[in-house]
Amino acid sequence: MMKRFIPVALAVLTLSLGYVAAQQLPPGQIRPRPAEGRDPEFPPPNIREYKPRSTLVVPQHPVPRAKFPVIDFHGHPPRLTGPDQVNIVGDSMSPLNLQVMVNANSTPSNRLQEEYAAINASKYKGRMVEFVGLDLRNVGPGSGQKIAAQLEADVKAGAMGIGEIMKSFGLYQRKADGTRLKLDDPELDAVWEKAADLKIPVFIHVADPSEFFQPIDYHNERWLELALYADRRYQDRSRFPSFEDLMGERDRLFARHPRTIWVLAHFGWHANDLARLGKMFDQMPNLHSELGAVLYDIGRQPRTAHDFFVKYQDRILFGKDSYQPDEYPYYWRVFETNDEYFDYYRDYHAFWKLYGIGLPDDVLKKVYYKNALRLVPGIARGAFPN
Ligand SMILES: [Zn+2]
């Protein structure tokens, strides 16, 4: 009995020690390598210096111009003070096949007229439309009714939606009594119901990538970005709610206003967990999402992303966020090709390459313009194919 028991016990012990050792190895390594403990013979580069040239040879299909005309639902042009500003942006839109830009700069009510006058006096009349901002400063009793009344006037003055509601709502905005203005504060119910009555989309950016709320250590995917930008660090729980606190407030807000047309910016920061966003789409028929600034997540999971876009083709809108014309072709290439392992444009977002998700034409058309035309009927349809 004993003789047989001891070798088995030893084997189990050895296996579990091996398991413990494997647990302590860095990701990408399953056992100590022969050179373990050896130092590189040259000073190792830091993460900003190491930019290896890929030796992979595969077909390349850059896409400088989108296959179909596009509506950018998440535009941040410079302030449109006159026709010249509109013309500068418009001139750079045309070669990209960017047909219409939604100005999502949260334009204050009192600047709507000035901006529409600039657009109408430019070469690009009808190719930029205005969303309006909400004044969420010092919310207190009665604010909801006041903001709702202003919204009604703004829509009469030409605003075609609300937005973008910036991430400051939830992260920074304080109420008149000094407490943080929660996303689901009942005082604002009147505003979201008014938006539903007016049938205008509410374009809302909530929180930031979840890694911005996590410890800034060498396991954080956004270490470099966090090291570069102090204003993206939300680790301090005495100053900021957690990522999941904000998601909870957001989901309760959406659930309480099922008639309101919600458009969640940046895939709700769930582009790294598309099943989670899919579940939200399943539960909330009036929820849509825009994909600005999360291309690095879409392009690193081409098969999952392709299937997600096909399944939720009526709920996804193209948007770019920051207006840099030379970055749009990266989006076209991810959506329209099956290219493999190509560069992204911003190293601090992603330490990896992108892959095309090869969307079929009927899905591309919905993401590029059909869904936006449905949500914003004020956009002229003439330039868009069926
Ligand atoms: Zn934005």
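Predicted model, so just to flag it, every value in this text is computed and none were measured.

Trainee: Would you explain the overall build of the protein in this entry?
Mentor: From N to C terminus, the protein includes 13 helices and 9 strands. The dimensions of the protein, computed from C-alpha atoms along their principal axes, are 90 × 55 × 40 Å. Taken across its 386 residues, the protein has 50% of its residues classed as buried. For the protein, contacts bridging at least 24 residues in sequence account for 76% of all contacts bridging at least 6. For the protein, the computed accessible surface area is about 19,700 Å², with 55% contributed by carbon and sulfur atoms. With 49 positive and 48 negative side-chain charges, the protein shows a separation of 3 Å between the mean positions of the two kinds.

Trainee: Quick question: what am I supposed to make of the packing of helix α4 (residues 143-156) against helix α6 (residues 189-198) here?
Mentor: Think of two packed helices as two axes; the pair is described by the angle between the axes and how far apart they sit. Between α4 and α6, the shortest axis-to-axis distance is 8 Å and the interhelical angle comes to 25°. The angle between α4 and α6 places the two elements in the roughly parallel class. Between α4 and α6 lies a crossing of right-handed hand. Listed contacts from α6 to G144, Q145, I147, A148, L151, E152 and V155 of α4 are A190, V191, K194, A195 and L198. Within the contact of α4 with α6, the residues separate by chemical class into 8 nonpolar, 2 polar and 2 charged.

Trainee: Can you walk me through the nonpolar core in this structure?
Mentor: A general feature of soluble globular proteins is that nonpolar side chains tend to end up buried together. Counting 108 residues, the largest nonpolar core has F267, L291, F309, F318, W332 and F335 as its most contacted members. Of all the elements, helix α13 (residues 361-375) adds the most residues to this core, at 8 residues.

Trainee: Looking at this model, I keep getting lost on the pattern of salt bridges. Mind explaining?
Mentor: Oppositely charged side chains are able to pair whenever their charged atoms sit close together. What the rule picks out here adds up to 25 salt bridges. Across the salt bridge formed by K320 and E327, the nearest N and O atoms sit 2.7 Å from each other. Assigned by exposure class, K320 and E327 land together as buried. Salt bridges sharing partners connect three or more residues here, namely E193, D197 and R259.

Trainee: Help me out: how do you make sense of the coordination of the zinc ion in this one?
Mentor: Six octahedral donors around a metal ideally make angles of 90 or 180 degrees; four tetrahedral donors ideally make 109.5 degrees. Coordination of the zinc ion by the protein is provided by H74 (NE2), H76 (NE2) and E164 (OE), with metal-donor distances spanning 1.9 to 2.1 Å. For the zinc ion, the donor residues sit on a single chain with the sequence spacing H-x1-H-x87-E. In this pair, H76 sits in strand β1 (residues 70-76) while E164 sits in strand β4 (residues 162-165), placing the two residues 88 residues apart along the sequence. By the burial criterion, H76 is buried, and E164 matches it.

Trainee: In this structure, what is going on with empty space enclosed by the protein? I would like to understand it.
Mentor: It is a probe the size of a water molecule, rolled over the atoms, that shows where empty space is left. Counted by the stated rule, this structure contains 1 cavity of 30 Å³ or more. Roughly 130 Å³ of volume is contained in the largest cavity. In terms of lining residues, the largest cavity is bounded by 15 residues, among which P209, R222, N272, Y296 and D297 are the most central.

Trainee: Looking at this structure, how should I read unusual backbone geometry?
Mentor: Most peptide bonds take the trans configuration, and most residues that are not glycine carry a negative phi. A cis amide bond links G163 with the next residue in sequence, E164, at an omega value of -10°. Within the chain, N97 stands out as a residue other than glycine whose phi angle is a positive 65°. In this structure, N97 sits in the loop between α2 (83-93) and β2 (98-107). The buried category is assigned to N97, whose relative accessible area is 11%. You will see that F267, though not glycine, has its phi angle at about 55°, which is positive.

Trainee: Looking at this structure, how should I read the pairing of strand β6 (residues 261-264)?
Mentor: Regular strands place side chains that alternate from one sheet face to the opposite one. The alternating pattern of β6 places I261 and V263 and W262 and L264 on opposite faces, both of which are buried. Inspection of the sheet shows strand β5 (residues 201-204) paired to β6 by 4 bridges, in the parallel sense. The partner of P201 across the bridge, within β6, is I261. Note: β6 against strand β7 (residues 287-290), 3 bridges, orientation parallel. The residue bridging L264 from the neighbouring strand is S289, located in β7.

Trainee: Even after reading the chapter, I still don't get the layout of surface pockets, so can you show me in this structure?
Mentor: Size it by volume and the largest pocket reaches roughly 510 Å³. Looking at the largest pocket, it is lined by 23 residues, and the ones nearest its centre are G133, L134, D135, L136 and R137. At the level of secondary structure, the elements contributing two or more residues to the lining of the largest pocket comprise α4, β4 and α5 (168-171). Broken down by element, the lining of the largest pocket gets its largest block of residues, 6 residues, from α4.

Trainee: When you look at the packing of aromatic side chains in this model, what are you seeing that I'm missing?
Mentor: To describe a pair of aromatic rings, you give the distance between the ring centres and the angle between the ring planes. In the structure shown here, the tally under the stated rule is 35 aromatic pairs. Between F73 and F203, the aromatic rings sit 5.3 Å apart at their centres with planes inclined by 80°, giving edge-to-face as the arrangement. You can see F73 sitting in strand β1 and its partner F203 sitting in strand β5, a full 130 residues away along the chain. Judged by centre distance (4.4 Å) and plane angle (35°), the rings of Y344 and Y345 are tilted. Among the residues examined, Y344 registers a relative accessible area of 10% and is labelled buried. The ring of Y229 has R232 lying over it, and the distance from NZ or CZ to the ring centre is 3.9 Å. The positively charged end of R300 is found above the aromatic ring belonging to W352, 3.9 Å away from the centroid.

Rules of the game
Residues numbered from 1 in each chain as written. Predicted model: local features only at pLDDT ≥ 70, side-chain atom pairs only at ≥ 80, totals over all residues. Heavy atoms only, no water. Helix = DSSP H or I, 4+ residues; strand = E, 2+ residues; numbered from the N terminus. Buried < 20%, exposed > 50% of the residue type's maximum accessible area, 1.4 Å probe, protein only. Contact = heavy atoms within 4.5 Å. Areas by Shrake-Rupley, 256 points an atom, 1.4 Å probe, with all protein chains shown as cover. Lys, Arg positive; Asp, Glu negative; His and termini not counted. Charge placed at Lys NZ, Arg CZ, Asp CG, Glu CD. Axes fitted to C-alpha atoms, helices over the stretch in contact; angles between N-to-C directions. Parallel < 35°, antiparallel > 145°, perpendicular 65-115°, else oblique. Left-handed = near helix turned anticlockwise from the far one by under 90°. Nonpolar A, V, L, I, M, F, W, Y, C, P; charged D, E, K, R; others polar. Core = buried A, V, L, I, M, F, W, Y, C linked by side-chain atoms within 4.5 Å. Salt bridge = Lys/Arg side-chain N within 4 Å of Asp/Glu carboxyl O. Donors = N, O, S within 2.8 Å, 3.2 Å for Na, K, Ca; no water. 1 Å grid on protein atoms, 1.4 Å probe; cavity = no way out; pocket = protein on both sides within 12 Å on 5 of 7 lines; lining within 4 Å. Points joined across faces, edges and corners; volume = space filled by probe spheres on them. Pairing = 2+ DSSP bridges. Phe/Tyr/Trp six-rings, centres within 6.5 Å; stacked < 30°, edge-to-face > 60°. Lys NZ or Arg CZ within 6 Å of the ring centre and 35° of its normal.

Such coordinate-based values are descriptive only and should not be taken to indicate function.
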